[in-house]
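# Report on the structure
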Amino acid sequence: MNTPQTMLLGWGSLIVAAGASYYYARKSINERRVIQEARGQRPSEKLDWRSRIEQDEKQKVGLASAAGPSPADTPSPATTTALNLRSGNGPS
């Protein structure tokens, strides 16, 4: 059965392990951020949510125009045939 001492030991070890994990994860994340900022991959200024949305939309538009039409924009032959059959332009 769980005695108060074993419960205290279990919770204490869990808290210590979580704290150590948080410390090392945070350290790793901060190092990665510094490296990304030095490479120019990470902006150094802080943006509010409106500016961030505008920036994301500009990047999406730039990526979409550089890539050309996506496969989703081009109808497949099966879709074209189905549309032709519906409009009465199907094979005779």
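Values in this document were obtained by computation on a predicted structure and should not be read as measured data.

What counts and what doesn't
Residues numbered from 1 in each chain as written. Predicted model: local features only at pLDDT ≥ 70, side-chain atom pairs only at ≥ 80, totals over all residues. Heavy atoms only, no water. Patch = residues over 30% accessible without salt bridge, like charges linked within 9 Å, V, L, I, M, F, W, Y side chains within 5 Å. Areas by Shrake-Rupley, 256 points an atom, 1.4 Å probe, with all protein chains shown as cover. Salt bridge = Lys/Arg side-chain N within 4 Å of Asp/Glu carboxyl O. Lys, Arg positive; Asp, Glu negative; His and termini not counted. Charge placed at Lys NZ, Arg CZ, Asp CG, Glu CD. Helix = DSSP H or I, 4+ residues; strand = E, 2+ residues; numbered from the N terminus. Buried < 20%, exposed > 50% of the residue type's maximum accessible area, 1.4 Å probe, protein only. Phe/Tyr/Trp six-rings, centres within 6.5 Å; stacked < 30°, edge-to-face > 60°. Polar contact = N/O pair within 3.5 Å; in protein donor to acceptor, adjacent residues only side chain to side chain. Expected span 1.5 Å × (residues − 1). 1 Å grid on protein atoms, 1.4 Å probe; cavity = no way out; pocket = protein on both sides within 12 Å on 5 of 7 lines; lining within 4 Å. Points joined across faces, edges and corners; volume = space filled by probe spheres on them. Nonpolar A, V, L, I, M, F, W, Y, C, P; charged D, E, K, R; others polar.

### Digging into a negative patch on the surface
Residues D48, E54, D56 and E57 make up a contiguous surface patch of negative charge. In this structure, E54 sits in helix α2 (residues 49–67). Judged by relative accessible area, E54 falls into the partly exposed class, the value being 47%.

### Some thoughts on the packing of aromatic side chains
Between two aromatic rings, the relevant description is the distance of the centres plus the angle of the planes. Under the criterion given, the structure shown has one aromatic pair. Consider the rings of Y23 and Y24, whose centres lie 5.0 Å apart with planes at 75 degrees: the pair is edge-to-face. For Y24, a relative accessible area of 55% gives the class exposed.

### Section: the environment of D48
Along the chain, D48 falls in the loop between α1 (4–39) and α2. A distance of 2.6 Å separates a polar atom in the side chain of D48 from a polar atom in the side chain of S51.

### Observations regarding α1
Given a rise of 1.5 Å per residue, 36 residues ought to cover 52 Å, and the 53 Å separating the end C-alpha atoms of α1 matches this to within 8%. Directly after α1, the chain includes G40, whose backbone phi takes a positive value near 85 degrees.

### Some remarks on the layout of surface pockets
Empty space within the largest pocket amounts to approximately 290 Å³. Lining the largest pocket are R33, E37, R42, P43, S44, E45, K46, L47, R52, Q55, D56 and Q59. Looking at the lining of the largest pocket, the elements that each hand over two or more residues are α1 and α2. The element best represented in the lining of the largest pocket is α2, accounting for four residues. When grouped by side-chain class, the residues that make up the lining of the largest pocket number two nonpolar, three polar and seven charged.

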